Amino acid sequence: VQLQASGGGLVQTGGSLRLSCVASGSISSIAVVGWFRQTPGKQREAVAVVASGGTPSYADSVKGRFTISRDNAKNAQYLQMNALKPEDTAVYFCGADVDNGHYIGRYWGQGTQVTVSS
């Protein structure tokens, strides 16, 4: 199973970006998908997570600005980021708990850089 993330970039404060992540490989189902971010010297933190058929959960710092969504038919997940702030600058990773028909494993995308200029 591989996750491919895309959509990062440089944006000004108040701007928007949409991150995408597509899973490929031996996939029976995807239980949970999420977006995480990490800055140098800090631990990776959860930004938004949603289980299949569940209600999304967001970090307090992004509530009301970010929206996570998923397209189960495409094995894809998205993160719409609005009203971006310089403190949102980080490498963003998508993650997913994937059932490959034998076991459920957690997989990660390669990370995509989001930079918000002030």
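Structural notes, computed from the coordinates. (Residues numbered from 1 in each chain as written. Predicted model: local features only at pLDDT ≥ 70, side-chain atom pairs only at ≥ 80, totals over all residues. Heavy atoms only, no water.)

Some details on unusual backbone geometry
Phase 1 of the analysis: One non-glycine residue, N75, adopts positive backbone phi at about 55°.
Phase 2 of the analysis: For A83, which is not a glycine, the phi torsion comes out positive at approximately 50°.

Overview of the pattern of salt bridges
Pairing between side chains of opposite charge can happen when their charged atoms approach one another.
Phase 1 of the analysis: Applying the stated criterion across every chain yields a total of 5 salt bridges.
Phase 2 of the analysis: Residue R37 pairs with E45 through a salt bridge whose shortest N-O separation is 2.7 Å.
Phase 3 of the analysis: Under the relative-accessibility criterion, R37 is labelled buried at 7%.
Phase 4 of the analysis: Look at E45 and you get partly exposed, because its relative accessible area is 35%.
Phase 5 of the analysis: One salt bridge connects R37 with D88, and the closest N-O pair in it is separated by 3.0 Å. Of this pair, R37 sits in strand β4 (residues 29–38) while D88 sits in the loop between β8 (76–81) and β9 (90–99), placing them 51 residues apart in sequence. We note that R37, like D88, is buried.
Phase 6 of the analysis: When salt bridges that share partners are traced, they join R37, E45, R65 and D88 into one network. (Salt bridge = Lys/Arg side-chain N within 4 Å of Asp/Glu carboxyl O. Buried < 20%, exposed > 50% of the residue type's maximum accessible area, 1.4 Å probe, protein only. Helix = DSSP H or I, 4+ residues; strand = E, 2+ residues; numbered from the N terminus.)

Thoughts on the side chain of R70
Phase 1 of the analysis: As for its placement among the helices and strands, R70 is situated in strand β7 (residues 66–71).
Phase 2 of the analysis: The charged side chain of R70 is buried without a salt bridge, its nearest counter-charge being D71 at 8.4 Å.
Phase 3 of the analysis: One polar contact links the side chain of R70 to the main-chain carbonyl oxygen of I30, over a distance of 2.7 Å.
Phase 4 of the analysis: Among the polar contacts made by the side chain of R70, one reaches the side chain of N72 at a distance of 2.8 Å.
Phase 5 of the analysis: Once residues lying within four places of it in the same chain are set aside, the contact partners of R70 are I30, A31, V32, V33, V50, A51, S52, A76 and Q77. (Lys, Arg positive; Asp, Glu negative; His and termini not counted. Polar contact = N/O pair within 3.5 Å; in protein donor to acceptor, adjacent residues only side chain to side chain. Contact = heavy atoms within 4.5 Å.)

Details of the nonpolar core
Phase 1 of the analysis: Counting residues in each nonpolar core, the largest one holds 28 residues, and the members touching the most others are F66, L79, M81 and Y92.
Phase 2 of the analysis: No other element matches the 5 residues that β9 contributes to this core.
Phase 3 of the analysis: When near neighbours in sequence (up to four residues on either side) are disregarded, M81 contacts G15, S16, L17, L19, R65, F66, Y92 and V114. (Core = buried A, V, L, I, M, F, W, Y, C linked by side-chain atoms within 4.5 Å.)

Considering the packing of aromatic side chains
Phase 1 of the analysis: A complete count under the given rule lists 1 aromatic pair for this structure.
Phase 2 of the analysis: Aromatic side chains F36 and W108 sit 4.8 Å apart centroid to centroid with 70° between the ring planes, which places their arrangement in the edge-to-face category. Taken together, the positions of F36 in strand β4 and W108 in strand β10 (residues 104–108) put the pair 72 residues apart, joining distant regions of the chain.
Phase 3 of the analysis: For W108, a relative accessible area of 35% gives the class partly exposed.
Phase 4 of the analysis: Here R18 stacks its cationic end above the ring of Y78, 4.2 Å away from the centre of that ring.
Phase 5 of the analysis: If you follow R44 out to its NZ or CZ, it ends over the ring of F93, 3.7 Å from the centre. (Phe/Tyr/Trp six-rings, centres within 6.5 Å; stacked < 30°, edge-to-face > 60°. Lys NZ or Arg CZ within 6 Å of the ring centre and 35° of its normal.)

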